[in-house]
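Examining the three-dimensional arrangement
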Amino acid sequence: MHQKNIEEAKKRLFSGELVIFPTETVYGIGGNANNHKSIELIYKTKNRPINNPLICHFANIREIEKNFVLKDKDYELANTFWPGPLTLILEKNKQSLISPLLSNNKNHVGCRIPNNEISLSLLSILDFPIAAPSANIATRTSITSIKDLDNKLKEIFYIDGGSSVLGLESTVVQTSKNGCKILRLGSLTIEDIKIKFPKYEISIEQSNVSPGNQLKHYSPIKPIRINVDFVKKNEALLNFGINELTSDIKSLNLSIEENLSDASYNFYNYLNILDSINCSGIAVAPIPDQGLGKTINDRLRRASYKDEQNI
Ligand code: TXA
Ligand code: MG
């Protein structure tokens, strides 16, 4: 059913254009990773600072091996979690054709194999990888369905693959001697890694090595207050579980059953809905700080940065 759109996307990517496509995490806005001009266009279209590197998407590990040097631990994680929401920071080899602009001239590049039929079919008919950040304007929220696409991106060719099944971005990971460092929390949780690799030492890198960690990021337009125990007049409510919180404007519940996978799935979609209604701001209920809740809280902290100071 998507075959015609996949062929059209291929044509456009070959000619240097961008395309918006679904992945299991969030939608991506992609270009030919080997084409300097396409990469330039991604940065310009998203209004993204050039020092925030892009993720490169591949159809399979053989294609990754053509461009990168993988160490033992990289293979362990890759073989366990790909295709899936893992982005591994890998070192380019001498043969790599990937545009240096994609990683701000650095030799280390974030790579992933998405677990989505449409993106995998598209990648498998190209002879280059797709560079793709999330399909949003810089500092705004990622999108998990085409209806949430920013007006400024609506002219770009897109493939509609329905709602992203996971709903939060990939986890950015760099392996180390004894384990790995998490550079950006995401859909693959620390617990997921620990279950498969109990001996790994896992640290969360708090610095801004991953520039997506910049403080004001992943934000809606309306002010947002997190961990609330009351809702102000005219505020909308993003709730979680069963509690006393109510809004006189509108409430949406990420998961009444307190299921964090459901909450992740609903997260950006609900934020976008509340952002678009007539309210003074969005109040968010406390979310448990474990598993996917850690990632949701990370996004909420960045989304509420600055706004918190206006309480
Ligand atoms: O799920 C995802 O990761 C989505 C889909 C489309 O694959 N992509 C995505 O890309 O979220 P983007 O550009 O919005 O976020 C990429 C994150 C940023 O935080 C960036 O700083 C980090 O990955 N990153 C990319 N390359 C890096 C590198 N070489 N070193 C450190 N961090 C890197
Ligand atoms: Mg992004």
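Figured I'd write up the structure that's included with this text.

1. Observations concerning the environment of E169
- Considering the arrangement of structural elements, one finds E169 in the loop between β8 (157–158) and β9 (171–175).
- Separated by 83 residues in the primary sequence, E169 and L86 place their C-alpha atoms 9.1 Å from one another.
- Not counting residues up to four positions away in its chain, the partners in contact with E169 are T25, V26, S142, R184, G186, S187, Y218, Y268 and R299.
- Reaching out from E169, the side chain makes a polar contact with the side chain of S142 at a distance of 2.5 Å.
- Among the polar contacts listed, one links the side chain of E169 to the side chain of Y268, at a separation of 2.6 Å.

2. What about the site of ligand 1?
- Every one of the 27 residues lining ligand 1 counts as a neighbour, but T25, N52, H57, S134 and S170 are closest to it.
- Only β3 (55–57), β6 (108–112) and β10 (179–184) provide two or more residues apiece to the shell around ligand 1.
- Tallying contributions element by element places β6 first for the shell around ligand 1, with four residues.
- Tallied by class, residues from the shell around ligand 1 come to 13 nonpolar, ten polar and four charged.

3. Quick notes on the pattern of salt bridges
- Evaluated as defined, the whole model comprises twelve salt bridges.
- Here R112 makes a salt bridge to E24, at a shortest N to O gap of 2.9 Å. Pair noted here: R112 is in strand β6 and E24 is in the loop between β1 (19–21) and β2 (28–32), with a separation of 88 residues, a long-range link.
- Overall, the relative accessible area of 2% leaves R112 in the buried class.
- Relative accessible area serves as the criterion here: at 3%, E24 is assigned to the buried category.
- In this structure, E205 engages K181 in a salt bridge whose closest nitrogen and oxygen atoms are separated by 3.7 Å. Here K181 lies in strand β10 and E205 lies in the loop between β11 (201–204) and β12 (224–225), a separation of 24 residues in the sequence.
- For E205, a relative accessible area of 22% translates into the label partly exposed.
- Several salt bridges share partner residues, and in doing so they unite E8, K11, R12 and E17 into one network.

4. Observations regarding the packing of helix α7 (residues 260–276) against helix α8 (residues 292–304)
- Where α7 meets α8, the closest approach of the two axes is 9 Å, and the angle between their N-to-C directions is 30 degrees. Regarding the angle of α7 to α8, the classification is roughly parallel. Pair α7 / α8 crosses with left-handed handedness. Each of L260, S261, A263, S264, F267 and Y268 in α7 lies in contact with α8, whose residues at this interface are L292, G293, I296, R299 and L300.
- Tallied by class, the residues present in the contact of α7 with α8 amount to seven nonpolar, three polar and one charged.

5. Describing the environment of L271
- Counting through the fold element by element, L271 comes out in helix α7.
- When its relative accessible area of 1% is taken as the criterion, L271 is described as buried.
- Distance in space between the C-alpha atoms of L271 and L252 is 9.0 Å, their sequence separation being 19 residues.
- Every residue in contact with L271, bar those within four places of it in the chain, is listed here: T141, P220, I224, L238 and I282.

6. Quick word on the environment of L41
- Within the element layout of this structure, L41 appears in helix α2 (residues 36–46).
- A residue is classified by how much of its surface remains accessible, and L41, at 32% relative accessible area, is partly exposed.
- As a C-alpha pair, L41 and G291 span 250 residues in sequence and 35 Å in three-dimensional space.
- The residues touching L41, leaving out its near neighbours within four places in the chain, are G16 and L18.

7. Quick notes on the pairing of β2
- Within β2, five of the five residues are buried, leaving the element largely enclosed by the surrounding structure.
- Here β1 pairs with β2 via three bridges, running antiparallel. Bridge pairing in β2 links F21 to G28.
- Taking the residues that link successive antiparallel strands as the turn, the β1-β2 hairpin has six residues.
- As judged from the two bridges shared by β2 and strand β7 (residues 130–131), these two strands associate in the antiparallel manner. When the sheet's bridge partners are listed, N32 is paired in β7 with I130.

Procedures and definitions
- Residues numbered from 1 in each chain as written.
- Chains lettered and ligands numbered in written order.
- Predicted model: local features only at pLDDT ≥ 70, side-chain atom pairs only at ≥ 80, totals over all residues.
- Heavy atoms only, no water.
- Helix = DSSP H or I, 4+ residues; strand = E, 2+ residues; numbered from the N terminus.
- Contact = heavy atoms within 4.5 Å.
- Polar contact = N/O pair within 3.5 Å; in protein donor to acceptor, adjacent residues only side chain to side chain.
- Near = heavy atom within 4 Å.
- Nonpolar A, V, L, I, M, F, W, Y, C, P; charged D, E, K, R; others polar.
- Salt bridge = Lys/Arg side-chain N within 4 Å of Asp/Glu carboxyl O.
- Buried < 20%, exposed > 50% of the residue type's maximum accessible area, 1.4 Å probe, protein only.
- Axes fitted to C-alpha atoms, helices over the stretch in contact; angles between N-to-C directions.
- Parallel < 35°, antiparallel > 145°, perpendicular 65-115°, else oblique.
- Left-handed = near helix turned anticlockwise from the far one by under 90°.
- Pairing = 2+ DSSP bridges.

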